[in-house]
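# Residue-level structural notes
Letter by letter, the chains look like this.
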Amino acid sequence: MAVEVPIPPVQSQIPVYSPAPPTDAELDYADLPIIDFSNVTSGEGRTALAEQVKNAMLNHGFFYVINHGYTREQTKRAFDIANMPFEHVSDAEKRVYTADMKGQARGRVISLASTGTSPKECTISWKLNRDITKRQHPEPIRPLLPEVQAFAKHSHFNVLHPVLRLLAIGLEIPEETFVDMHGWDAVGETYVRFMKYYPRTPEEEQKTSNIWMKGHTDFGTVTLLYSQPVAALQVMTRQGVWKWVRHIENAIVVNTGDAMEFLSGGYYCATIHRVIQPPPDQQAYTRVGVFYFALANDDVKLSPVSSPVLQRIGADNTRFMNNPAVNGGAYPTMESWRKGRTSAYGQSELVKQGEVEEELIEGVVVKHYS
């Protein structure tokens, strides 16, 4: 079922991004499973992998994918491209395409977004819908767009779709159930995101208690993170302990988000994760992130699928239980859920419950963790 995605010839020689060396720090790493996609196209192979993925989701919420079809050189090129808008677009042109995160949440059509008043104050990101023609992009980026499109297609068809099939098998439902909810040509907001974190001053670290991005769940179905060497990502274990996510060369880190939790009746819980200050030997380096954030088609209703597994265990979507509309059967669509999450960013009132801050979106409690 692998899809041949032609890699366009390199049209533009661009500066090479040099990542940080791997850390030598002794960190408490999560023992995440490694899923080898070498046999993902065979029926027997998928059956075995589905069991591994199910166990990974139930026990960890994160797993790695290796042998996903991209060579190390192709992945390296993706990181070189990811670095371009941050370092090789003029400040004047950046201002044309930049909005703060609140502006983005209100629906402005932008490519670049910053989480601070100064891009190098913390983090900036470049977001592209899988249909790269939907938005305009800075001039230095335009020759690279065919390569970005090929990267999106590879991530969509050769990584996301196989993951969705394995998740479906784990629920004992038809393999294409979730795939059919993630059409390449459907109306939806699945997107590529490139991010760059810059070193912070001691004063900035003190202000944020060394937390670069609070603990949260993604609002889509599946997130693909192409592994990079700066240690900063942490996952909350099922026991409520933060553990580091180890870098594996040319691997993809996979986690599920809110929409998959809703579709699976809470069986595949959205994974809580955060980004914190790297260990001392990496604190002087920048950190570039390459992501593929998958969302179901806009019209997909986020109600639990009919699954023998869910019937046997009596699963229900507990995160919806306080929503009277949902109790009456009016589950939100993917479109309404993503708009609710994005429009609430920096706008809604957060209620502090101990170490957790909560907000109510579409009748569902969304938590943010320190």
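Described below are features of the structure shown in this document. (Residues numbered from 1 in each chain as written. Predicted model: local features only at pLDDT ≥ 70, side-chain atom pairs only at ≥ 80, totals over all residues. Heavy atoms only, no water.)

## A few points about the overall build of the protein
- Summing up its helical and strand segments, the protein has 10 helices and 16 strands in all.
- A total of 370 residues make up the protein; the buried ones form 56% of that total.
- Contacts in the protein between residues at least 24 apart in sequence constitute 78% of all its contacts with a sequence separation of at least 6.
- Just so you have it, the protein exposes about 16300 Å², and 51% of that area is on carbon and sulfur atoms. (Helix = DSSP H or I, 4+ residues; strand = E, 2+ residues; numbered from the N terminus. Buried < 20%, exposed > 50% of the residue type's maximum accessible area, 1.4 Å probe, protein only. Contact = heavy atoms within 4.5 Å. Areas by Shrake-Rupley, 256 points an atom, 1.4 Å probe, with all protein chains shown as cover.)

## A few points about empty space enclosed by the protein
- As enumerated under the stated definition, the model contains 2 cavities of 30 Å³ or more in all.
- In this structure, the largest cavity is lined by Leu225, Ser227, Gln228, Val230, Ala231, Ala232, Leu233, Val245, Arg246, His247, Val253 and Arg287.
- Looking at side-chain class alone, the lining of the largest cavity contains 7 nonpolar, 3 polar and 2 charged residues. (1 Å grid on protein atoms, 1.4 Å probe; cavity = no way out; pocket = protein on both sides within 12 Å on 5 of 7 lines; lining within 4 Å. Points joined across faces, edges and corners; volume = space filled by probe spheres on them. Nonpolar A, V, L, I, M, F, W, Y, C, P; charged D, E, K, R; others polar.)

## Digging into the nonpolar core
- Grouped together as the largest cluster of nonpolar side chains are 91 residues, with contacts concentrated most on Phe63, Trp126, Leu167, Leu171, Phe178, Phe194 and Val222.
- The greatest single-element share of this core, amounting to 12 residues, is contributed by helix α5 (residues 145-170). (Core = buried A, V, L, I, M, F, W, Y, C linked by side-chain atoms within 4.5 Å.)

## Quick word on the packing of aromatic side chains
- Following the criterion strictly, the structure yields 10 aromatic pairs and no others.
- Aromatic side chains Trp126 and Phe194 sit 5.3 Å apart centroid to centroid with 55 degrees between the ring planes, which places their arrangement in the tilted category. Taken together, the positions of Trp126 in strand β5 (residues 123-129) and Phe194 in strand β6 (residues 191-197) put the pair 68 residues apart, joining distant regions of the chain. The same class applies to Trp126 and to Phe194, which are both buried.
- Judged by centre distance (5.3 Å) and plane angle (20 degrees), the rings of Phe291 and Phe293 are stacked.
- Of the aromatic side chains, those joined through ring pairs into one cluster are Tyr70, Trp126, Phe151, Phe194 and Tyr226.
- Lying over the aromatic face of Tyr191, Lys127 brings its terminal NZ or CZ to 4.4 Å of the ring centre.
- Above the plane of the ring of Tyr29 lies Arg246, whose end atom (NZ or CZ) is 3.9 Å from the centre. (Phe/Tyr/Trp six-rings, centres within 6.5 Å; stacked < 30°, edge-to-face > 60°. Lys NZ or Arg CZ within 6 Å of the ring centre and 35° of its normal.)

## Side note on the pairing of β6
- Taken across its 7 residues, β6 has 7 buried, putting it largely inside the fold.
- Alternating positions in β6 separate into two faces, Tyr191, Arg193, Met195 and Tyr197 on one and Val192, Phe194 and Lys196 on the other, with burial throughout.
- Note that β6 and strand β13 (residues 287-294) share 7 bridges and pair antiparallel. Note that in β13 the partner of Val192 across the bridge is Tyr292. (Pairing = 2+ DSSP bridges.)

## Observations concerning the environment of Trp242
- Counting through the fold element by element, Trp242 comes out in strand β10 (residues 242-244).
- Of the residues examined, Trp242 reaches a relative accessible area of 18% and is grouped as buried.

## A few points about the pairing of strand β12 (residues 273-276)
- Burial along β12 is two-sided: His273 and Val275 and Arg274 and Ile276, pointing in opposite directions, are all buried.
- In the sheet, strand β9 (residues 233-236) pairs with β12 via 3 bridges, with the strands oriented antiparallel. Pairing of Leu233 across the sheet is with Val275, part of β12.

## Structural notes on the packing of helix α1 (residues 43-59) against α5
- With their axes 8 Å apart at the nearest point, α1 and α5 run at an angle of 80 degrees to one another. Classified by the angle their axes make, α1 and α5 are roughly perpendicular. Residues Arg46, Leu49, Ala50, Val53, Lys54 and Met57 of α1 pack against Leu166, Leu167, Ile169 and Gly170 of α5.
- Its residues assigned to classes, the contact of α1 with α5 shows 7 nonpolar, 1 polar and 2 charged. (Axes fitted to C-alpha atoms, helices over the stretch in contact; angles between N-to-C directions. Parallel < 35°, antiparallel > 145°, perpendicular 65-115°, else oblique.)

## Remarks on the environment of Ser336
- Its location among the elements puts Ser336 in helix α10 (residues 334-344).
- It is 10.0 Å that separates the C-alpha atoms of Ser336 and Val300, two residues lying 36 residues apart in sequence.

## As for α1
- Under the 1.5 Å per step criterion, the end-to-end length of α1 is 24 Å for 17 residues, consistent within 8% with the ideal 24 Å.
- Gly45, Arg46, Leu49, Ala50, Val53, Lys54, Ala56 and Met57 are the residues of α1 that are buried. All buried residues of α1 lie within an arc of 160 degrees about the axis, which places them on one face of the element. Exposed side of α1, more than 90 degrees from the buried face: Glu44 and Thr47 are the residues found there.
- If you follow the buried residues of α1, they end up packed against β1 (34-36), β2 (62-66), α5 and β11 (252-256). (Expected span 1.5 Å × (residues − 1). Arc of directions from axis to C-beta.)

## What to know about the environment of Glu357
- Of note, Glu357 is situated in strand β15 (residues 356-361).
- Given the relative accessible area of 18%, Glu357 is considered buried.
- When the C-alpha atoms of Glu357 and Gly215 are compared, they prove to be 10.0 Å apart, with 142 residues separating the residues in sequence.

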